[in-house]
Amino acid sequence: MRGQDMTAPHDRPAADYRADADTLLVARPVAGGAPELFLALRADGGITAFNGHVDLGTGIRTALAQIVAEELSAPFERVTMVLGSTAATPNQGPTIASETIQVAAVPLRQAAATARAFLVDEAAQRLSCPPGALHLEDGVVRAAEGDNLFVTVGELIAGRAIRLALDPQAPLKPSAAYTLVGRAQPRSDISAKATGTFQYVHDVRVPGMVHGRVVRPPHAGFDLGPHVGASLISVDRASVADIAGLIDVVVIGDFVGVVATREENAVAAMRQLKVAWRTPPRIPDLNAPEAPLRDNPSTARVLADRGNVGRALDAAPGAMERTYVWPYQMHGSIGPSCAVAEWQDEGLTVWSGTQNPFPMRRDLSRLLDLPEERIVVERLEAAGCYGRNCADDVTADAALLSRAVGRPVRVQLTREQEHGWEPKGAAQVIDVRGALDAEGGPAAYDFETRYPSNLAPTLALVLTGKVPPVADVAQMGDRTAIPPYAISNLRVTVHDMPPIARASWFRGVSAMPNSFAHESFIDELASAAGVDPIEYRLRYLTDPRAIDLVRAVAERAKWQPHTGPFSHGQAGDILYGRGFAYAVYIHGTFPGTAAAWAAWVADVAVNKVTGEIALTRVICGQDTGQVVNPDGVRHQIHGNVIQSTSRVLKEEVRFSQTAVASLEWGAYPLITFPEVPDIDVLMIPRPDEPPLGAGESASVPSAAAIANAVFDATGIRFRELPLTPEKVRAALNPLTPPASAAQEEKKPARRGWAWPFAGVLCGALAAGAALLPWRAPIAPVSAMGGDVFSSAAIERGRLAAAAGACNVCHVGADGTAFAGGRPLETPFGTVYASNITPDRAAGIGSWSYRAFERAMRQGIRRDGRHLYPAHPYTSFAKADERDIQGLYAYLATQASSPVAAPETRLRFPFSLRPLMAGWNALFLSSAAAPADPARSAEWNRGAELVEGLGHCAACHSPRNALGAEKTGAAHLAGGFADGWHAPALSSASRAPVGWTETALYDYLRTGRSADHGAAAGPMAHVVESLGPLPDADIRAMATYLASLNTATPARDASAVIAASETAATRAAMAEPVGARLFEGACAACHGAGTRLPSLALNSNLHANQPTNVLAALRAGIAAPAGEPDETMAMPSFDASLDQRALGDLLRYLRARFAPERAPWQNLSDAIASARNAPGP
Amino acid sequence: MTASTILCVNGRHVTVEADSKTPLLYVLRNDLGLNGPKYGCGLGECGACAVLIGDRAARSCTVPIGAVKTRPITTLEGLGTERDPHPVQAAFIAHQAAQCGYCLNGMIIATVALLRANLHPAEAEIRQALRHHLCRCGTHIEILAAVRAAAAPADTGDRTRGDRTCGDRT
Ligand code: FES
Ligand code: FES
């Protein structure tokens, strides 16, 4: 089956339209170039309209089609929009959401009016009547309704190729006659999007397409400075040589990419490729952006200087100086950027989600030294981005990879790459000095704003060295920098400066922070003057449309005038408050153009204990001028309110010392459904005013409205975003010391099994060895005799192999059963599992049964050399003879693998195999498995399996300094396997709930127990291996194991879970960052109400060391093998959580899910050593 | 290691040649051309890749194809078509519940799973069910309206519709 397979779209080039017969085209002449096509009418009634902007997911396609259909009085369905294609559409610059309707739609409307005027004139001639008496309606030009004097547009166009120049003076249809514009128009794309047939750029497929991934340098999110493009030391191509279907590893300067036939293999190559980079330089601490922005060299630009600010401030008593700080934020598209490129002899075609098809083409031309005419940029929708994300970067990446491999390549960035490298919304710092005059009015207002530039170059250009990594300074900090109030002594200064982190424009660029300052400060002035904040604003607003809007919103909200905070009271720990803010978004080059006016009334509830702010309701009013599609505008307002609320309450990028550290959604949380406020939208009807951009305006007042509401609730002004609970709590309870759960006691602790005194042990081993003769080789046999064993013996062997989980260790690197080669990390060095297939040279094909049995039970190879006790012969010594025979028979029937396993080379003195003879003398006991006639047969069978073939002790018993399993009370008291802690099965268990026989059975059979969680790491493979064993054997193992543990407190699961629920608030208060990481990264599966057992039941969170939690986060956990209901695996978070994030998360997990246990000690050491261990 | 895996997708058996650890998401998109499920994070965090496995929503970016076995998988495409949308899809279309729409797959799948388990969820249950489905565009209001409509007691459409088995159809 192949579903709706989508192939790549190719927009018809404009030249093809020009060659069409039976068409009317309207184009705008361009000096020295081909005219820009805006409109094509066909004789069959079809209408195609062209716009250089693109649809960023806001439904602008629908609104533009409405405008064209309206102007031509045609049904909406007739109009097809072609947006942002370099092949077909005019170049109208980058898409800035607020400009499409306001600016870019203007020539489109004029083109339609040009066509209408022409058609009416033509009809007038044919019908011999004055054009003024005719009108165009639904493809027909006629005098009056029902008049039989008419001519159709088709008749006027047929047989002709009408080519009109766009007439900017063509009379436009009066808005009173509108029937489409201003009416809700369902968007044309949603039914396709809801059924999976819409084609996003991510869905493009080109015949022969292969998959690429990129590997980025370590300075994520920073693209300036001499190290950029000069950080690569080496790429080890051999490190990915084993990846199936790998086509190429492409290295150009610091650009590194891999290409493979299948996507998952490209992902594997990306993860596995060994790349050495220079250590990136340290960056200033952008987690607290105020100082770095002040330190960044800047150029002051005075935008306004009225009256005499200095003198007025000096003269006024009690001048207020305030600083507002806006953090770095992310566009945070839900779909990481993706592109497809096809390099051919004739040139390059890219399918891209770029906002800027024409600048993109210019960049590609520069990157590839290819003339622009030979590049086509096909633009498709991507995930909503609200500014420039990595769409351009990935387009260039795909082009480089396609050129290198000569095939169409699709490149999908990972979540971590998009988070790390997307150009951020810049931080901003604003200082305001102001004072009241004698009447309480604003005596002076001195506003200074600092905005790092946002012109991030397309990444491949700097990585490949095509463009030098030097900063450009843009003048973009000036949006809505002029306050809307009449203030006679006013100075406004913007400090233009180069970027620090990689940045681009993001919704409400610079206007949102500037308005946060204006509208917070005016609120503060109102309080100081003892005037209601809305009343105060109305006194000094001059713009009549602003005044109308503010009044209308106040009325809709039933605003109760008040002159100080606490107007809404409190209930218990919850403080209520209401705030107001107003702004008009000014965009474009200063002094700029106004987009829609917007005003907010925000209602908040603040928990004074936890500091959490709930935004419960927003009344948002907007004056958009003429509204093209009211539903579209309403949805835009909802979207702006929700997104800006998320930004104000939750969002800030975290940085390490060298790079962006927020690499997934836990570290950069977005608003979630339970947090979404009620929104009441008020649209001011202005049908006769020109339409205004509605894409960003409603975001602009958000921060101040919410901060003002929090002031009303708490009496405290917050001037730094985001308004996280810890920030609010710290301000509310300044005397409460920070919670202490995070404090780690520093106490030198070493892992118990670290290697002690080699010399002494060496002596002990040698002494043992001296007592024993060298073991003789056993003569080789010509074959194991695979064909002579009974099927019963082979079957017994199959089950024995399952019980012994032989293939868990002996599996081949490529998955071939029993082929060996797997490295097993032991405290003494790496032991490679041997090849135990019947191959004579590489495997055990020349071993007689006696040799095999000796190896199994005594750890001596056929050639007389000793095996290391990573091979659990001490356990197998206890196994039933018939099982060992069966195993021999079973292995003899397996496929041979000729690949020899690598030679094990341990550290001295363990490198001396003969010493193992001494070891055996000390530790190899010939005792049989425990047997107790007084116990049930089931128990005895279980004992045989657990202590014999199952060799549970090999991992679950601690080992002494010589690597031998400890016995007695230490037997099964917890050990290590492959970097994982194997928890105690004895009374030493740390499990919060006792392991019952049922729980053990479920766990061994399905890989999951409701009261304990899932098997992970090596244990997951063991459970898988146990699959063939009959239920009775599993039951027997459970019976025996349950009998071992008599000491675990008999708490039931619900009590343990209840304790963790009780601890949740305290844990979140102590570890707010960890709590957010958990919520964003873990809680989708491990949160309340999910099906997985609570982590409170998971022994690993109660263990003395975080070993297994770290191992699980690093390597992930396979989907449970035998669980009927579960198919999801736990992914690896190795690439997305850095050392600091892991620390935050672990501290939270411990405090939340094991509240009775002490915090883990020396966490940073544990994390560092886990991260330094060999790859997951 | 590449092997043949038989999956039951949208009521049909399909055979794919891929490593058993391959995320189901890649197989659905690349081998079966089913573009409804989207790549959003690969970490199980955002919900963009959701599919139904049996009656429950699963995040296909973290489902290895080898773990699926015979369980029936339903993608957005398997719920309904533009001409004949599933009632939940119809509610999303009627409420214009998309801006960019990239998150829509997950929202619809999660809603179908919710309604299969709980025919008339309360507001808080709806919000909780969608809690770990992220939307950057702020389409939450429209999405909630769509889910409420699909869950409204008056709605008698077959919200539990969808292929649950592969039967003999191949
Ligand atoms: S892509 Fe699967 S949950 Fe985000
Ligand atoms: S509609 Fe764009 S992410 Fe939800």
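Residues numbered from 1 in each chain as written. Chains lettered and ligands numbered in written order. Predicted model: local features only at pLDDT ≥ 70, side-chain atom pairs only at ≥ 80, totals over all residues. Heavy atoms only, no water.

The name an unreviewed UniProt entry gives chain B is Nicotinate dehydrogenase subunit A, with Ancylobacter amanitiformis as the organism.

Engineer: Whenever I open this one, unusual backbone geometry confuses me. Can you help?
Structural biologist: Peptide bonds are mostly trans, and most non-glycine residues show a negative phi. All names here are of chain A. Residue Phe-590 is joined to Pro-591 through a cis peptide bond whose omega torsion reads 5°. Looking at the element boundaries, Pro-591 is found in the loop between strand 24 (574-587) and strand 25 (593-607). Residue Pro-722 is bonded to the preceding Leu-721 through a cis peptide linkage, with omega at -5°. With respect to the helices, strands and loops of the structure, Pro-722 is situated in the loop between helix 17 (702-714) and helix 18 (725-732). Backbone geometry at Ser-128 places phi at a positive 50°, although glycine is not the residue there. Turning to its location among the elements, Ser-128 is positioned in the loop between helix 3 (99-127) and strand 5 (135-137). (Helix = DSSP H or I, 4+ residues; strand = E, 2+ residues; numbered from the N terminus.)

Engineer: Please clarify how the domain arrangement of chain A should be interpreted in this entry.
Structural biologist: Many descriptions give the size of an interface as the accessible area lost when the pieces come together. According to the domain assignment, chain A consists of domain 1 (14-195), domain 2 (201-281 + 332-421), domain 3 (428-732), domain 4 (758-923) and domain 5 (938-1172). Each of domain 1 of chain A and domain 5 of chain A has a C-alpha centre, and these two points are 66 Å apart. (Domains from an automatic or database assignment.)

Engineer: What is the right way to look at empty space enclosed by the protein in this model?
Structural biologist: Unoccupied space between atoms shows up once a probe the size of one water molecule is rolled over them. Residues and elements named next belong to chain A. Tallied over the full model, the rule gives 15 cavities of 30 Å³ or more. By volume, the largest cavity is sized at about 290 Å³. Ile-60, Ala-63, Ile-101, Gln-636 and Ala-694 are the residues nearest the centre of the largest cavity, which is lined by 25 residues in total. When residues of the lining of the largest cavity are assigned to their parent elements, the largest contribution, 3 residues, is made by helix 16 (residues 630-649). Per-class residue counts for the lining of the largest cavity are 12 nonpolar, 12 polar and 1 charged. (1 Å grid on protein atoms, 1.4 Å probe; cavity = no way out; pocket = protein on both sides within 12 Å on 5 of 7 lines; lining within 4 Å. Points joined across faces, edges and corners; volume = space filled by probe spheres on them. Nonpolar A, V, L, I, M, F, W, Y, C, P; charged D, E, K, R; others polar.)

Engineer: Just checking my understanding: could you explain the side chain of A:Thr837 for this structure?
Structural biologist: Residues and elements named next belong to chain A. Examined against the element boundaries, Thr-837 turns out to sit in the loop between strand 29 (829-832) and helix 22 (849-858). Separated by 2.7 Å, the side chains of Thr-837 and Asn-835 make a polar contact. Among residues more than four places away in sequence, those in contact with Thr-837 are Ala-817, Phe-818, Ala-819, Gly-843, Ile-844, Gly-845, Ala-895, Ser-896 and Ser-897. (Polar contact = N/O pair within 3.5 Å; in protein donor to acceptor, adjacent residues only side chain to side chain. Contact = heavy atoms within 4.5 Å.)

Engineer: Can you help me understand the sheet that holds strand 6 (residues 140-142) of chain A in this one?
Structural biologist: Within a sheet, each strand pairs with its neighbour through backbone hydrogen bonds, oriented either parallel or antiparallel. All names here are of chain A. Judged by pairing direction, the sheet is antiparallel, and its 3 strands sit side by side in the order 5-6-7 without closing on themselves. Either end of the sheet is taken by a strand with one partner, and the two such strands are strand 5 and strand 7 (150-152). Taking the axes of each pair of neighbouring strands and ignoring which way they run, one obtains an average angle of 25° across the sheet. Of the strand pairs in this sheet, strand 6 and strand 7 are connected by 3 bridges, and their pairing is antiparallel. Across the sheet, the residue bridging to Val-140 is Thr-152, located in strand 7. (Pairing = 2+ DSSP bridges. Axes fitted to C-alpha atoms, helices over the stretch in contact; angles between N-to-C directions.)

Engineer: Is there a simple way to think about the pattern of salt bridges in this case?
Structural biologist: If the charged atoms of two oppositely charged side chains come close together, the side chains can form a pair. Residue and element names in this part refer to chain A. A full pass over the atoms with the stated rule returns 71 salt bridges over all chains. A salt bridge links Arg-116 to Glu-71; the nearest nitrogen and oxygen atoms lie 2.9 Å apart. With Arg-116 in helix 3 and Glu-71 in helix 2 (residues 60-71), the pair connects residues that are 45 residues apart, well separated along the chain. For Arg-116, a relative accessible area of 18% translates into the label buried. (Salt bridge = Lys/Arg side-chain N within 4 Å of Asp/Glu carboxyl O. Buried < 20%, exposed > 50% of the residue type's maximum accessible area, 1.4 Å probe, protein only.)

Engineer: When you look at the packing of aromatic side chains in this model, what are you seeing that I'm missing?
Structural biologist: The geometry of an aromatic ring pair comes down to the distance between the two centres and the angle between the two planes. All names here are of chain A. Following the criterion strictly, the structure yields 19 aromatic pairs over all chains and no others. Seen in terms of ring centroids, Trp-559 and Phe-580 are 6.2 Å apart; in terms of plane orientation they differ by 70°. Their pairing is edge-to-face. You can see Trp-559 sitting in the loop between helix 15 (544-556) and strand 23 (570-571) and its partner Phe-580 sitting in strand 24, a full 21 residues away along the chain. Like Trp-559, the residue Phe-580 is buried in the burial classification. An aromatic cluster is built from Phe-789, Tyr-849, Phe-852 and Tyr-888, whose rings are joined through pairwise contacts. Over the ring of Phe-198 we find Lys-193, and its NZ or CZ is 4.6 Å from the ring centre. (Phe/Tyr/Trp six-rings, centres within 6.5 Å; stacked < 30°, edge-to-face > 60°. Lys NZ or Arg CZ within 6 Å of the ring centre and 35° of its normal.)

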